[in-house]
Amino acid sequence: MTSTPYTVADVMTTRVIAVTPSTGFKDIAAAIERWKVTALPVIEGEGRVVGVVSEADLLPKEEFHEHRPGLIEQMRRLGDTAKAGSTRAEDLMTTPAITIRPDATLPQAARLMADRHVKRLPVVDADGTLKGIVSRADLLKVFLRTDEDLTAEIRQSVVTRLFPLSHAAVKVTVSQGIATLTGQVKDRDLIPLAERLTHSVEGIVDVRCRLQAPNTE
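The notes below deal with the structure included here. (Residues numbered from 1 in each chain as written. Predicted model: local features only at pLDDT ≥ 70, side-chain atom pairs only at ≥ 80, totals over all residues. Heavy atoms only, no water.)

**Remarks on the overall build of the chain**
Okay, so step 1: If you tally the helices and strands in the chain, you get 10 helices and 7 strands.
Okay, so step 2: Relative to its 217 residues, the chain shows a buried fraction of 41%.
Okay, so step 3: Of the contacts made within the chain by residues no fewer than 6 positions apart, 59% connect residues no fewer than 24 positions apart.
Okay, so step 4: Here the chain has roughly 12900 Å² of accessible surface; of this, 51% comes from carbon and sulfur atoms. (Helix = DSSP H or I, 4+ residues; strand = E, 2+ residues; numbered from the N terminus. Buried < 20%, exposed > 50% of the residue type's maximum accessible area, 1.4 Å probe, protein only. Contact = heavy atoms within 4.5 Å. Areas by Shrake-Rupley, 256 points an atom, 1.4 Å probe, with all protein chains shown as cover.)

Right under this line is the structure:
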């Protein structure tokens, strides 16, 4: 009943700085510093994502700069010690890349980031071609929607559709992203649904449902 959920395509950054597998260590470090990002997609061909290289992938070179790891440490940290001796993106990157599709919902993106402990995701089409990048900050953009915009959506997508006969008696206010519904409706059983649907509106922080209905007993 509510409007179409926001997707990754709605909030992603389409201008993406990427590197190729042959990009050198210093060029990667320079790009991370210049563009103030923590990771870069690695692409080949016509933009197919083959991996991601991050600050964490570069750090082993500094960590092991002043000392050579012993045999036990080498065995325990094979990946890090290999990266410490690497000079190109193809040897530094994490592969396969953790990616997401443009039509994924924002909760799906947030869960994937949390599950895989990453701060940003390359956005790819069905062929794996890079279309953008979505970060944690991008997922929070929905909370920048104005209270007026949220009020209008709740009234149109929830109240008017759910209570076609009594919607005029329902007052909707939103302050700092917190929605309050007050007034009289005809069907008591629909009040919990109204609260849930209001919660589902992108950008809503909390809901205070104070709707009432006549006692049918």
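**Let's talk about unusual backbone geometry**
Okay, so step 1: That bond from T95 to P96 is cis: its omega, 0°, falls within 30 degrees of zero.
Okay, so step 2: Structurally, the position occupied by P96 is in the loop between α6 (89-92) and α7 (106-116).
Okay, so step 3: Unusually for a residue other than glycine, Q176 sits at a positive phi of about 55°.

**Describing the sheet that holds strand β7 (residues 206-212)**
Okay, so step 1: If you walk across this open sheet you meet the 3 strands as β5-β6-β7, and the pairing is mixed. Looking at the sheet topology across the chains shown, the edges are occupied by β5 (170-175) and β7. Adjacent strand axes in the sheet meet at a mean angle of 10° when their direction is disregarded.
Okay, so step 2: As judged from the 6 bridges shared by β5 and strand β6 (residues 178-184), these two strands associate in the antiparallel manner. Bridge pairing in β6 places V174 opposite A179.
Okay, so step 3: The strands touched by helix α9 (residues 147-162) are β5 and β6; relative to β5, the strand with the most contacts, the crossing angle is about 150°.
Okay, so step 4: Helix-sheet contacts for helix α10 (residues 191-199) involve β6 and β7, and the interaxial angle to β7 is about 155°. (Pairing = 2+ DSSP bridges. Axes fitted to C-alpha atoms, helices over the stretch in contact; angles between N-to-C directions.)

These results come straight from atomic positions and should not be treated as a statement about function.
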